[in-house]
Amino acid sequence: MGVAWSAQATHNRAGEITYTHVEGLTYEILITTYTKTAAIADRPWLYLYWGDENDAPVDSLERESIQVLDNDVQINLYRGEHTYGGPGIFELLVEDPNRNDGVLNIPGSVDVPFSIRTLLIIDPQAGHNNSVQLLNPAQQNACLFQPWIHNPGAHDPDGDILSYDLIACRGFNSEPIPDYVLPDAVSTADDLFSIDPVYGDLVWETPQIAGEYNVAIRIREWREVNGQLVMVGEVVRDMQISVQVCQNEPPQLDQVADTCVIAGSFLTLLFSADDPDGDLLNLDAIGAPLSLVSNPGVFSDLGAGIGQLVWSPECEEVREEPYQLIVRAEDNDNQVPLMDLETFQIRVIAPAVDMQEAAPVGNSVILEWSPHTCLDALPEWKVAQGVYHIYRRIDSLEWIPGACETGLPESLGFQLIAQVEGLSNTVWVDASTLSYGATYCYRIVTEWPGSGESLASEAVCATIAKDIPVMTKVSVLTTDAQNGIMELGWSPPTDADTTVFPGPYSYEILGRANGGANTNEMLLHQTNPGPFLASPDTVWTHVALDSESSSWTYRVRSISATGEIGISSPASSPWLTLEPNDNQLTLRIEANVPWNIESFRIYRADAAGDFQWIADSEVNAYVDSGLLNNVNQCYRVETVGAFEGPGIPQTLYNWSQEACGQPFDLTPPCPPVFSLEADCVGEVNVLTWADVEGCADDIQGYVLYWAPTLSDSLKPYLTWDDPGMTGFLWNEQGELGTIAGCFAMTALDSLLPGPDGTLRQNESALSETICVDNCPFYFLPNVFSPNDDGMNDTFQAFPWKFIDHVDVRIYNRLGEEVFQTQDPAVNWTGEHQAGGSPSTERAADGVYFYSARVFTIRLSGIVEEHFSGELHLMQGVSPLVE
């Protein structure tokens, strides 16, 4: 690892490594170590291992400062800066040659290095990270047989979630020390050494053997990234606990509960402690609220064991994760001062946004609110990414949030209906389906990056006045391309001002087809006038229309003696479409109406043509399964709905048109489970496959896809029409000369008529693709005797495999080329080629040299290989081939 301290005279008692993001990939590293005061001259610098193998892995850091504690211990600070080359997980390491002698839970401790480690994680998805800062010094002695408690005082500047656990101390090469045990394992007594995984309180109940102990506290940071918690950093504090024989008993602090404070308000807390020995007590506190925020609080020791915290955080302190505060009570015993502490959390909550009004306009509501009070205190990027969550319920409800209660509980009946992005936006229009006569109440919860939910706003309410007519029925009575019939109905504008709009009254019905050549809105009908708003007809039947090709949309205009009162929101007839698939039809119903559709009643025609109810659906889609393919089925759907308010109390029933269709097998089967075993020696591939159980029952065949090389695309190579086939031997007769390539399978189902009448067959997606390579083999002998005795007369290659072609050249001792071929077999009979042409002249006996360029067939393509060697040509009796 290459890390070491500058001197070995005095050993470390504790330490940790923390870091701060500077910019880009640059981080500032701070090393904190604890040594005896006598070691001031012994630690002027140290080595830090950055964990970056590619760039200056080790640096020498000079000591920046020294802080002397009141118990003969000094804190040494070393600071450095490093720029990393890119994302990754980097181990920051420091190692000291020796620990103190006699550490009871580390065998042979004086010969075991003191090593501390921190993980710096650079993850582009999680964003840059700053490590925790440990605010409580790692120096706290214990008394024999008395409870001991410590908390590192971890603060995360980024507001990440922290977790705590105990791990083995590290030694050589920063590996866990063999045979290390926790302090409570040293004695046989029933003492307990543990750490709270959430608050970080390290408790020993109670030390049984005097001496020195070392422990390692691991603090991990967790951040939500793409909906999952991921670790973004880790710091380990290695500290020493000195258990001494003394008569002192520790003080006792009263328990403190977690709490919260609204940004912009005051939080005042009192703390009380007493000492069983009657010792005087000093109370103080550590934590980010007192030192690491823009608006810090103040902790005061009021004397007599009483402490007080006063804090007035502002918007800069708002965050989702709570702040941790540690209150400490320490006695003034002359021998070994003991301490008790209480760890609690304070969450700073964003105040509620101030609602202005909810103004009804027709059957919409304009919602307005004041800019959030934190708007000016936040950076622009948080303002831009901030969100107003808008909630709505019908009718008002008296509710006061409890202390620390953010957001809105589900039990109140409020539903999240919208999110307005950008905290500078203060207006939103609720243009959803609102019911006339209903009262809608709204509340807003504010949130920006890292803030968590704010308090919920006060409620503002609006009632939708029924001062225009309201459509209540658009129902298909007859489905026909020319003689369709549509039944219409509406409710009169009962909240209209009859003084402004005196009678007589009448209604105009406007409508348009939603498909076809003419989709323009037309005046279809005007009712006879009547003296009262409800006296004219509020129903009408539209006849002689095309209700088969498309749905229709209608509006109703109310007319008074002085002119138009108003026009209704549009309402369309339910439109039913059918989507065919294998043995099933999917029904989808679309309707643009101003009321809420609560259910869809599905009817199917029987053999006599009468429609029978088969199911209800709460959504606008229904799958009718178990049907026969290519058999016609006809349906109608009745929608059941209502307005939310009391103005129109009745249930609304409306029919769709009749729609018919046939199921077709459009669903491909599942890809087969495919496996391949390459036998390079046998020059074959053993292919096997199996159907996915329960996926399809009509598989009729399979297709094998092959890509000879990685650069080729998979293409169909073989098709089998046998559904019982489960395996195939590739290159069984050596006909392909290769087993290399990428292979995959698909399955084919039944050959049936499709929607256009032509026969079609569904093919599954590709199975898992498996790629294998060849193992080329090519060797040449080193002797032959072309003497026509029928034995070893030809210089030829041993049996080769997976060779595309070769370039073999043979030279005599003078370097003259006597033979050349691209035939992998070579087949040189000893003739001397002159000028590249064969000759009947035999080459002389002797030693020849050959060079071979061999072009092998591989998964990556044609790969050229080179080799050369000596060849002995003998015209007498051929010697044994080596």
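All values reported here derive from a predicted model rather than from experimental measurement.

Below, the discussion takes up the nonpolar core. Of all hydrophobic cores here, the largest spans 79 residues; its most connected members are L367, W369, I390, Y442 and Y554. Setting aside residues no more than four positions away along its own chain, L367 makes contact with M355, E357, A358, I390, T426, V427, W428, Y442, I444 and V460. Counting 35 residues, the second largest nonpolar core, distinct from the first, contains A14, A154, C169 and V243.

All right, on to the state of the cysteines then. Taken as a whole, this structure holds eight disulfides when the rule is applied. Here C143 engages in a disulfide with C246; their sulfurs sit 1.5 Å apart. Placement of C143 in strand β9 (residues 142-143) and of C246 in the loop between β16 (228-244) and β17 (252-253) is noted, with a sequence separation of 103 residues between them. Here the two residues C143 and C246 agree in accessibility, since each one is buried. Here C441 engages in a disulfide with C461; their sulfurs sit 2.0 Å apart. A torsion of 105° about the S-S bond marks the disulfide between C441 and C461 as right-handed. Taken together, the residues C441 in strand β30 (residues 439-447) and C461 in strand β31 (residues 460-463) connect sequence positions 20 residues apart.

Bringing the side chain of S572 into the picture now. Its location among the elements puts S572 in strand β39 (residues 571-572). On the basis of relative accessible area, S572 is assigned to the buried category, the value being 6%. Among the polar contacts listed, one links the side chain of S572 to the backbone nitrogen of N592, at a separation of 2.8 Å.

Attention now goes to the sheet that holds strand β59 (residues 817-821). The mixed open sheet is built from five strands, whose spatial order is β57-β61-β60-β58-β59. With one partner strand each, in any of the chains shown, β57 (783-784) and β59 form the two edges of the open sheet. Sheet analysis places strand β58 (residues 803-811) next to β59, joined by four bridges and oriented antiparallel. Looking at the pairing, I810 lines up with F819 of β59.

Turning next to the sheet that holds strand β50 (residues 701-707). Spatial ordering of the open sheet is given by β51-β50-β53-β56, a layout of four strands whose pairing is antiparallel. Two strands in the sheet have a free side with no partner beyond their single neighbour: β51 (715-720) and β56 (770-772). Adjacent strand axes in the sheet meet at a mean angle of 25°, parallel and antiparallel pairs treated alike. Here β50 pairs with β51 via five bridges, running antiparallel. Note on β51: the bridge partner recorded for Y702 is W720.

What follows covers the pairing of β16. The element β16 is extensively covered by neighbouring structure, given that 12 of its 17 residues are classed as buried. In this structure, strand β7 (residues 114-122) lies alongside β16, joined through three bridges in antiparallel fashion. Counterpart to L119 in the pairing with β16 is E234. Sheet topology note: the β9/β16 ladder contains two bridges and is parallel. What sits directly across from C143, in β16, is Q244. Alignment of strand β15 (residues 211-225) against β16, held across 15 bridges, turns out to be antiparallel. By the bridge assignment, E221 is partnered in β16 with G233. Where β15 folds back on β16, the antiparallel hairpin that results is connected by two residues, among which N226 adopts a positive phi of roughly 55°.

Rules of the game
- Residues numbered from 1 in each chain as written.
- Predicted model: local features only at pLDDT ≥ 70, side-chain atom pairs only at ≥ 80, totals over all residues.
- Heavy atoms only, no water.
- Core = buried A, V, L, I, M, F, W, Y, C linked by side-chain atoms within 4.5 Å.
- Buried < 20%, exposed > 50% of the residue type's maximum accessible area, 1.4 Å probe, protein only.
- Contact = heavy atoms within 4.5 Å.
- Disulfide = S-S within 2.5 Å.
- Helix = DSSP H or I, 4+ residues; strand = E, 2+ residues; numbered from the N terminus.
- Polar contact = N/O pair within 3.5 Å; in protein donor to acceptor, adjacent residues only side chain to side chain.
- Pairing = 2+ DSSP bridges.
- Axes fitted to C-alpha atoms, helices over the stretch in contact; angles between N-to-C directions.

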